[in-house]
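Coordinate analysis (summary)
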Amino acid sequence: MAHFEKATGMRDWLNQRLAIDKVEKVMASEYWIPKNINFLWAMGMVLAITFALLLVSGIFLLMYYQPNVETAFDSVNYTIMQEVEFGWLWRHVHAVAASVVFLIIYIHMLTGIYYGSYKKGREMIWISGMLLFVTFSAEAFSGYMLPWGQMSYWAGMVITNLFAAGSLELNGVVEWIRGDYVPGQAFLGRFFMLHVLLLPLAIIALIGIHFAALRIPHVNNQDGEEFDFDVESKKYLAGKKKESKVIRFANDFMSKDMFVVSIFLMFFFYLVFWQYGFAMDPVNFDPADGLVTPAHIYPEWYFLWSYEILRPFSRDVGLIAFAFAQVIFFALPFLDRSPNVAAANRRGIAFALWFWLMVIDLIVLTAMGKLPPEGIFNDIGLYAALGFFVLWIALPIITKFEKKL
Amino acid sequence: MGKAFGAVAGVGAVGSLIAMKQTWDPLPSVKAAGFSTIDLSLIPENELVVEKWRGKPIFILKKTAEMVASQESEDAARDIIIGDAHYLVVIALCTHLGCIPAYRDAKKDFKCACHGGEFNVSGRVTKSPPPSPLVIPPYKLDGHIVLLGEEGPEYKKMKEAGVVA
């Protein structure tokens, strides 16, 4: 048995049993972050804070929400919104955070792509991050079902129909997912479970893996510079802070992080208090009705780009294109054949052009996904969808010929 | 030892997966509610009646004599015929993305407002994007009564003829 001595105080008592000083060093004060970074490196913390906001507001909503097809709509739109004190606050925080979290995820992803933070040992950071993106998407979709409005119902209908896999007509699979011929009580009950238990558990586990994946390769820096963290941290600890290329995670880096987080939170609560409408589709304020379809069925803004990849093609081709779009970002570390870890603008014109064309293409797809599929919008949507594939096919080729920096 | 342990654990894992899969199957009460009966003799001519089957809307239209006389054989193959009365009975969801089309009395056809698809009075596509005709639900005839949710001889004949999938 380990040897314990009479503790000199509370801290020593805990140290003997939990090694809290050592844990603090490993997790914070001697976890090293490069100096040459910018505000985009704070997006991870912004996401963590947004997830916390979702969790806390969700806990309060959960106490009054009723997962029953008869009462769900009123439990949200009457009980929570009218009766519960500050019920509106939790709902608007939850809805706005669910929308904004995707904006930050996209910025976080594009930052990673721009600076090449997905290769040379950082592949698992990228892959665990993509798994988080997929799980967040499922979380967003399952949450969207819960108010049981018209958009909930019809989005549930259309999205579960995708699992029939087009001409394969796997209607049994669709009915199994729904537990019914159409979205009903069984459907609402299981999506409620997924939304409040299984998927949040998966997200928390994946966040743990995502952070763990950072420890060995360390976070990337603006210049893609590779340096020895042991050497640099020793310099720092020896007092040569100016000379050292690293800073402590806490409190040095955290204080910068928290500055960005506070700017973000001002913007966030401005949205919550004055501009929450964008996160609440008016169509979803009609209760679910299986006998009336809304005139336009469209997803929330963050799914529009992949929806637009599905839409311009015939059913089967569209489904294959959609499936491709969902998984192709996972393969990024392996499709980028260049050894360079550097900002896109320093990797040569080809990759810089690829990056910005991808950004523009995603924005165009998003815009076209929202517009009705008529006339010129149809054509723009089709070419933007085709452009998405051309860019992915071009990636291994242009990066193969990239000059080594 | 390892193999024996693995085998026992494997059996347990497969067993639990089966239990989990079946827990998600539609409940017997849901399946039992999967039938609707409709008395077709009460349906007026050229007037669209909307019924419900398995939570989905069903269009029922009794065709007029002109409609029957002027239709092609592919259209006639989709009719439910009782005596000399011809009925259209289809699931009222566009086969494109599942919106509900509207009946246009002037043109005697269906138009889907979502993406502009059109179907003729027999539910066949006259304007894309729908990939296939409106779906005829499984049915069984008993005199004037049609039972939706069970495959009767007339439905099976349609199936053999390739009218329904």
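Residues numbered from 1 in each chain as written. Chains lettered and ligands numbered in written order. Predicted model: local features only at pLDDT ≥ 70, side-chain atom pairs only at ≥ 80, totals over all residues. Heavy atoms only, no water.

1. Comments concerning the overall build of chain A
Broken down by element type, chain A carries 16 helices and two strands. Taking 2.2 N^0.38 as the reference for a compact globule, 405 residues should give roughly 22 Å; the C-alpha atoms of chain A span a radius of gyration of 24 Å, in line with that estimate. In terms of overall dimensions, chain A has a C-alpha envelope of 70 × 60 × 45 Å along the principal axes. Every one of the 405 residues in chain A was classed for burial, and the buried ones make up 49%. Sequence-distant contacts, at least 24 apart, represent 76% of the contacts inside chain A between residues at least 6 apart. Surface accessibility of chain A: about 20200 Å² in total, with carbon and sulfur atoms responsible for 69%. Of the charged side chains in chain A, 30 are positive and 34 negative; the average position of the first set lies 14 Å away from that of the second. (Helix = DSSP H or I, 4+ residues; strand = E, 2+ residues; numbered from the N terminus. Rg over C-alpha atoms; globule rule 2.2 N^0.38 Å. Buried < 20%, exposed > 50% of the residue type's maximum accessible area, 1.4 Å probe, protein only. Contact = heavy atoms within 4.5 Å. Areas by Shrake-Rupley, 256 points an atom, 1.4 Å probe, with all protein chains shown as cover. Lys, Arg positive; Asp, Glu negative; His and termini not counted. Charge placed at Lys NZ, Arg CZ, Asp CG, Glu CD.)

2. Things to note about the packing of helix H6 (residues 123–145) of chain A against helix H9 (residues 185–215) of chain A
Residues and elements named next belong to chain A. Close contact between H6 and H9 brings their axes to 9 Å; oriented N to C, the two are set at 160 degrees. In terms of orientation, H6 and H9 fall into the roughly antiparallel class. Here H6 runs over H9; the crossing is left-handed. Looking at side-chain class alone, the contact of H6 with H9 contains 21 nonpolar, seven polar and one charged residues. (Axes fitted to C-alpha atoms, helices over the stretch in contact; angles between N-to-C directions. Parallel < 35°, antiparallel > 145°, perpendicular 65-115°, else oblique. Left-handed = near helix turned anticlockwise from the far one by under 90°. Nonpolar A, V, L, I, M, F, W, Y, C, P; charged D, E, K, R; others polar.)

3. Some details on the sheet that holds strand E3 (residues 56–62) of chain B
Residue and element names in this part refer to chain B. Across the sheet, four strands lie side by side as E2-E3-E5-E4; this open sheet has antiparallel pairing. Whereas interior strands pair on both sides, the edge strands pair on one side only; in this sheet they are strand E2 (49–53) and strand E4 (80–82). Going from strand to strand, the sheet's axes swing by 30 degrees on average, the running direction of each strand aside. (Pairing = 2+ DSSP bridges.)

4. Some details on the interface of chain B and chain A
Each side of the interface is counted separately: chain B has 23 residues, and chain A has 25 residues. Overall, the association of chain B and chain A removes approximately 2100 Å² of surface from exposure, summing both partners, and the carbon and sulfur fraction of that is 68%. A per-residue breakdown of the area chain B buries against chain A is headed by Trp24, Arg54 and Leu97 of chain B, which together make up 32% of the total. Between chain B and chain A we count zero salt bridges in total. Counting across the chain B and chain A interface gives four residue pairs in polar contact (both at pLDDT 80 or more). Taken together, the elements giving at least two residues each to the side of chain B that touches chain A come down to helix H1 (2–23), helix H2 (28–32) and E3 of chain B. Among the residues making up the side of chain B that touches chain A, the classes are represented as 11 nonpolar, six polar and six charged. (Buried area = accessible area lost by both parts, 1.4 Å probe. Salt bridge = Lys/Arg side-chain N within 4 Å of Asp/Glu carboxyl O. Polar contact = N/O pair within 3.5 Å; in protein donor to acceptor, adjacent residues only side chain to side chain.)

5. A short note on the environment of Ala113 of chain B
Its location among the elements puts Ala113 of chain B in the loop between strand E7 (109–111) and strand E8 (118–120). A sequence separation of 33 residues divides Ala113 of chain B from Ile80 of chain B, and the C-alpha atoms of the two residues are 27 Å apart.

6. Examining the packing of aromatic side chains
All told, the structure shown has 45 aromatic pairs over all chains when counted by the stated rule. Pairing Trp148 of chain A with Tyr153 of chain A gives two aromatic rings, centres 5.9 Å apart and planes at 75 degrees, and the pair type is edge-to-face. For the pair Trp148 of chain A and Tyr153 of chain A, a shared accessibility class is recorded, and that class is buried. Between the NZ or CZ atom of Arg215 of chain A and the centre of the ring of Tyr31 of chain A, over which it lies, the distance is 4.4 Å. When the ring centre of Tyr181 of chain A is taken as reference, the NZ or CZ atom of Arg54 of chain B above it lies at 3.9 Å. (Phe/Tyr/Trp six-rings, centres within 6.5 Å; stacked < 30°, edge-to-face > 60°. Lys NZ or Arg CZ within 6 Å of the ring centre and 35° of its normal.)

7. As for the sheet that holds strand E9 (residues 125–127) of chain B
Picture the strands of a sheet paired through backbone hydrogen bonds; they go either parallel or antiparallel. All names here are of chain B. An order of E6-E7-E8-E9 is seen for the four strands of this open sheet, with the pairing classed as antiparallel. Looking along the sheet, the strands with just one partner apiece sit at the ends: strand E6 (102–104) and E9. If you compare each strand with its neighbour and ignore which way they point, the axes differ by 35 degrees on average. Two elements, E7 and E8, share three bridges in a ladder whose sense is antiparallel. Opposite Phe110, over in E8, you have Phe119 as the bridge partner.

8. Remarks on the pattern of salt bridges
Taken as a whole, this structure holds 16 salt bridges over all chains when the rule is applied. Among the ionic pairs, Arg104 of chain B bridges to Glu118 of chain B, the shortest N-O distance being 3.5 Å. In this pair, Arg104 of chain B is assigned in strand E6 and Glu118 of chain B in strand E8, connecting sequence segments 14 residues apart. Taking the relative accessible area as the measure of exposure, Arg104 of chain B reaches 23% and is therefore partly exposed. Put simply, Lys119, Asp336, Arg347 and Glu402 of chain A are held in one network by salt bridges that share partners.

9. Comments concerning the domain arrangement of chain A
Residues and elements named next belong to chain A. According to the domain assignment, chain A consists of domain 1 (1–28), domain 2 (31–297) and domain 3 (304–405). The distance between the C-alpha centroids of domain 1 and domain 2 comes to 36 Å. Of the roughly 330 Å² buried between domain 1 and domain 2 on both sides combined, carbon and sulfur atoms contribute 36%. Contact with domain 2 buries surface across domain 1, with Val26, Met27 and Ala28 losing the most and accounting together for 91% of the total. Applying the counting rule to domain 1 against domain 2 returns zero salt bridges. Across the side of domain 1 that touches domain 2, the residue classes break down as three nonpolar, no polar and one charged. (Domains from an automatic or database assignment.)

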